[in-house]
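Breakdown of the fold
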Amino acid sequence: MNAQWFQILADLLLVFHTLLVVFVIFGLVATLVGYFRQWNWVRNLWFRLSHLVVIGIVVLQAWLGVLCPLTIWEMELRAKAGQGGYEGSFIQHWLETILYYNAPDWVFILVYTLFGTLVLASWFLVKPRR
């Protein structure tokens, strides 16, 4: 496989990673808005369970000080593509600008924990149904 394919795979992985972040953020927003607007789909057990599992994994990784496996995989693909750090394509540049930012570790742990607590609290406010 040539370097260009590794870059494409890394970019696709970054898109997927970003979509997971969007799912976590807007999943909670949709759940709360849906509660007040009485949208039945926000009570879907599979939607709610997958949402809780994804943020749970993020919170657990933050507390354990573990880097996300998607980030590790993306960096390995970029290394195989001959890229140093996060330089590269248009998609890569803009998604990373949105997704990655610099702050002390405790800030991420706090934000992820608070957000995870809100998602967990939404289970009691907006009870999922089968």
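Source: prediction; values computed, not measured.

Structural notes on the overall build of the protein chain
When helices and strands are counted, the protein chain shows five helices and zero strands. Residue burial in the protein chain is summarised as follows: out of 130 residues, 33% are buried. For the protein chain, long-range pairs separated by at least 24 residues make up 75% of all intrachain contacts whose partners lie at least 6 apart in sequence. Of the roughly 8,700 Å² of accessible surface on the protein chain, a fraction of 72% belongs to carbon and sulfur atoms.

Notes on the nonpolar core
With seven residues, the main nonpolar core is built from Phe6, Ala10, Leu13, Cys68, Leu70, Leu77 and Ala81. Secondary structure elements with two or more residues in this core: helix H1 (3-37) and helix H3 (69-80). Ranked by residues supplied to this core, first place goes to H1 with three residues. Contacts of Cys68, omitting those with residues within four sequence positions, involve His17 and Gln61. Judged by nonpolar contacts, the second largest core, of five residues, contains Val24, Leu28, Ile55 and Val59.

Some details on the pattern of salt bridges
Inspection of every chain in the model, using the stated rule, returns two salt bridges. Arg78 is the partner of Asp11 in a salt bridge, and the nearest nitrogen-oxygen pair spans 2.9 Å. On the criterion of sequence distance, the pair formed by Asp11 in helix H1 and Arg78 in helix H3 is long-range, its members being 67 residues apart. The pair Asp11 / Arg78 is uniform in exposure class, with both members buried. Between Glu74 and Arg78 there is a salt bridge, and its shortest N-O distance comes to 2.9 Å. Within this pair, Glu74 and its partner Arg78 are both found in helix H3, separated by four residues, close to a single helical turn.

What to know about H1
Between its terminal C-alpha atoms H1 stretches 49 Å, which fits the 51 Å expected from 35 residues at 1.5 Å a residue. The sharpest bend along H1 comes to roughly 25 degrees, located at Phe26. A positive phi of about 60 degrees marks Gln38, the residue just after H1.

Parameters and conventions
- Residues numbered from 1 in each chain as written.
- Predicted model: local features only at pLDDT ≥ 70, side-chain atom pairs only at ≥ 80, totals over all residues.
- Heavy atoms only, no water.
- Helix = DSSP H or I, 4+ residues; strand = E, 2+ residues; numbered from the N terminus.
- Buried < 20%, exposed > 50% of the residue type's maximum accessible area, 1.4 Å probe, protein only.
- Contact = heavy atoms within 4.5 Å.
- Areas by Shrake-Rupley, 256 points an atom, 1.4 Å probe, with all protein chains shown as cover.
- Core = buried A, V, L, I, M, F, W, Y, C linked by side-chain atoms within 4.5 Å.
- Salt bridge = Lys/Arg side-chain N within 4 Å of Asp/Glu carboxyl O.
- Expected span 1.5 Å × (residues − 1).
- Bend = angle between axes of the 7 residues up to and from the residue.

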